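Given next are the chains, with one letter for each unit.
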Amino acid sequence: MQKRSIKIGGHSTSVALEPAFWDELTTIARTRGVSIASLVAEIDHRRGAGNLASALRLFVLDTLRRKISRA
């Protein structure tokens, strides 16, 4: 697990994810032309119940599934 501190909505939070998820989030953010912090804030804003780490993993999974289905 890799823990990172990210500022969301003016407050800092720590998120622990496996390196593969951080790598994919970095790729997605780069593709969109935004920072990882901005991407995480967007995901945080849209998530319902559940913790942020789970929301990030599900976002990556959904993004990769959509990418595969278009191929």
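Our subject is the structure that appears above.
Residues numbered from 1 in each chain as written. Predicted model: local features only at pLDDT ≥ 70, side-chain atom pairs only at ≥ 80, totals over all residues. Heavy atoms only, no water.

Here we look at the pairing of strand β1 (residues 2–8)
We apply this condition: For two strands to pair, DSSP has to find at least two bridges joining them. Helical segments are the DSSP runs of H or I of at least four residues, strand segments are the runs of E of at least two, and each set is numbered from the N terminus.
As judged from the seven bridges shared by β1 and strand β2 (residues 11–17), these two strands associate in the antiparallel manner. In the strand pairing of β2, Arg4 is matched with Val15. Hairpin connection, β1 to β2: the antiparallel pair is bridged by two residues, and Gly9 has positive phi, about 55°.

Some thoughts on the pattern of salt bridges
Which entries qualify depends on this criterion: Every case where a carboxyl oxygen of Asp or Glu lies within 4 Å of a side-chain nitrogen of Lys or Arg is listed as a salt bridge. Buried means the residue's accessible area, taken with a 1.4 Å probe over protein chains only, is under 20% of the maximum for its type, while exposed means over 50%, and partly exposed covers the values in between.
Summed over the entire model, instances satisfying the criterion amount to five salt bridges. Two residues, Arg57 and Glu18, come together in a salt bridge whose shortest N-O distance is 3.1 Å. In this pair, Arg57 sits in helix α3 (residues 52–70) while Glu18 sits in the loop between β2 and α1 (19–32), placing the two residues 39 residues apart along the sequence. You can call Glu18 partly exposed: its relative accessible area is 29%.

Quick word on the packing of helix α2 (residues 36–46) against α3
Our working rule: Lines fitted to C-alpha atoms define the axes, with helix axes restricted to the stretch in contact, and inter-axis angles between N-to-C directions lie between 0 and 180 degrees. Working definition: roughly parallel below 35 degrees, roughly antiparallel above 145 degrees, roughly perpendicular at 65 to 115 degrees, and oblique for all remaining angles. Pairs of residues are marked as contacts when any of their non-hydrogen atoms sit within 4.5 Å. Put simply, Ala, Val, Leu, Ile, Met, Phe, Trp, Tyr, Cys and Pro go in the nonpolar bin, Asp, Glu, Lys and Arg in the charged bin, and everything else, Gly too, in the polar bin.
α3 packs onto α2 with a crossing angle of 105° between their chain directions and a minimal axis gap of 10 Å. In terms of their interaxial angle, α2 and α3 are classed as roughly perpendicular. Mapping the contact onto sequence places Leu39, Val40, Ile43, Asp44 and Arg46 in α2 and Leu52, Ala55, Leu56 and Phe59 in α3. Here the residues of the contact of α2 with α3 sort into seven nonpolar, no polar and two charged.

Everything listed here is a matter of geometry and, on its own, says nothing about what the molecule does.
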